[in-house]
Amino acid sequence: MKLRLHGNSLRLRLNQADVAQFSKTGYVEESIEFGPGSSLCYILESSSEITSPKAIYQNGELRVQISCAALKDWVTTDRVGISGEQALANGKPLSILIEKDFKCVHADETDADAYPNPMELGARG
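Only a predicted model underlies this, so the values are computations on that prediction, with no experimental measurement involved.

Visitor: Teacher, can you tell me more about unusual backbone geometry here?
Guide: A positive phi is found at N59, a non-glycine position, where the angle reads about 50°. Topologically, N59 is positioned in the loop between strand 5 (54-58) and strand 6 (61-67).

Visitor: Hey, could you run me through the pairing of strand 6 in this one?
Guide: Successive side chains on a regular strand alternate, one facing one side of the sheet and the next facing the other. Counting buried positions over the seven residues of strand 6 gives five, a clear majority of the element. Strand direction decides the pairing type here: strand 4 (residues 38-47) and strand 6, joined by seven bridges, are parallel. If you follow C41 over to strand 6, its bridge partner there is E61. In terms of strand pairing, strand 5 meets strand 6 through five bridges, oriented antiparallel. Pairing of Q58 across the sheet is with E61, part of strand 6. Counted between consecutive antiparallel strands, the loop separating strand 5 from strand 6 contains two residues, among which N59 sits at a positive phi close to 50°.

Visitor: Please explain the nonpolar core as it appears in this structure.
Guide: A general trend in soluble globular proteins is that nonpolar side chains are found buried together. Residues L12, L14, F22, L44, V64, I66 and I98 are the most contacted members of the largest nonpolar core, which totals 21 residues. Elements that contribute at least two residues to this core include exactly strand 2 (9-14), helix 1 (16-25), strand 4, strand 6, helix 2 (68-75) and strand 8 (93-100). When residues no more than four places from it in sequence are discounted, the contact partners of V64 are L10, L12, I43, L44, E45, K54, A55, I96 and I98.

Visitor: Looking at this structure, how should I read the side chain of D101?
Guide: Within the secondary structure, D101 is located in the loop between strand 8 and helix 3 (118-124). In this structure the side chain of D101 is engaged in a polar contact, spanning 3.0 Å, whose partner is the side chain of K2. Of note is the side chain of D101, whose polar atom sits 2.8 Å from the side chain of R13.

Visitor: So what exactly am I meant to see when it comes to the packing of aromatic side chains here?
Guide: Any two aromatic rings considered together are summarised by their centre-to-centre distance and by the angle between their planes. Within this structure, the stated rule accounts for one aromatic pair. Their ring planes at 70° and their centres at 6.4 Å tell us that F22 and W74 sit as a pair that is edge-to-face. Within this pair, whereas F22 is found in helix 1, its partner W74 is found in helix 2, the two being separated by 52 residues in sequence. An identical accessibility class is assigned to F22 and W74; each is buried.

Visitor: How do you make sense of the pattern of salt bridges when you look at a structure like this?
Guide: Close approach of charged atoms lets side chains of opposite charge pair. For the structure on display, the rule yields seven salt bridges. As a salt-bridge pair, E99 and R11 come within 3.1 Å of each other at their nearest N and O atoms. Residue E99 is found in strand 8, and its partner R11 is found in strand 2; the two are separated by 88 residues along the sequence. R13 is the partner of E99 in a salt bridge, and the nearest nitrogen-oxygen pair spans 3.7 Å. Of this pair, E99 sits in strand 8 while R13 sits in strand 2, and the two are 86 residues apart along the sequence. Residue E99 is classed as buried on the basis of its relative accessible area of 13%. Relative accessible area serves as the criterion here: at 22%, R13 is assigned to the partly exposed category. Each member of the salt-bridge network shares a partner with another, and the members are K2, R11, R13, E99 and D101.

Cut-offs and rules
Residues numbered from 1 in each chain as written. Predicted model: local features only at pLDDT ≥ 70, side-chain atom pairs only at ≥ 80, totals over all residues. Heavy atoms only, no water. Helix = DSSP H or I, 4+ residues; strand = E, 2+ residues; numbered from the N terminus. Buried < 20%, exposed > 50% of the residue type's maximum accessible area, 1.4 Å probe, protein only. Pairing = 2+ DSSP bridges. Core = buried A, V, L, I, M, F, W, Y, C linked by side-chain atoms within 4.5 Å. Contact = heavy atoms within 4.5 Å. Polar contact = N/O pair within 3.5 Å; in protein donor to acceptor, adjacent residues only side chain to side chain. Phe/Tyr/Trp six-rings, centres within 6.5 Å; stacked < 30°, edge-to-face > 60°. Salt bridge = Lys/Arg side-chain N within 4 Å of Asp/Glu carboxyl O.

Shown next, in the form of structure tokens:
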């Protein structure tokens, strides 16, 4: 699972193995270490208590939640992403996007477990 932060938005991108695990358990976790005792853990989980995507940051942990219904729809269809906005106290929304990770068409970097890129398939067919 990849995490991208930009401005007041966050995006999680999951490859096929991540989506399979999320489908089975309703939970996927990754972390990045910055040094001894310093890390950021980011989690995607499903919850029966929410209706739209929600992000919570606390004690070095970023927890993104989506509804169980959204999880089921996303993993059992060709739907690419789930998006939503979370209202913040300062009046600005936090934009949240969870999406299937496609292979990069323009870079040499390869992720064998990424989803085939629709643009690449269109170029071949």
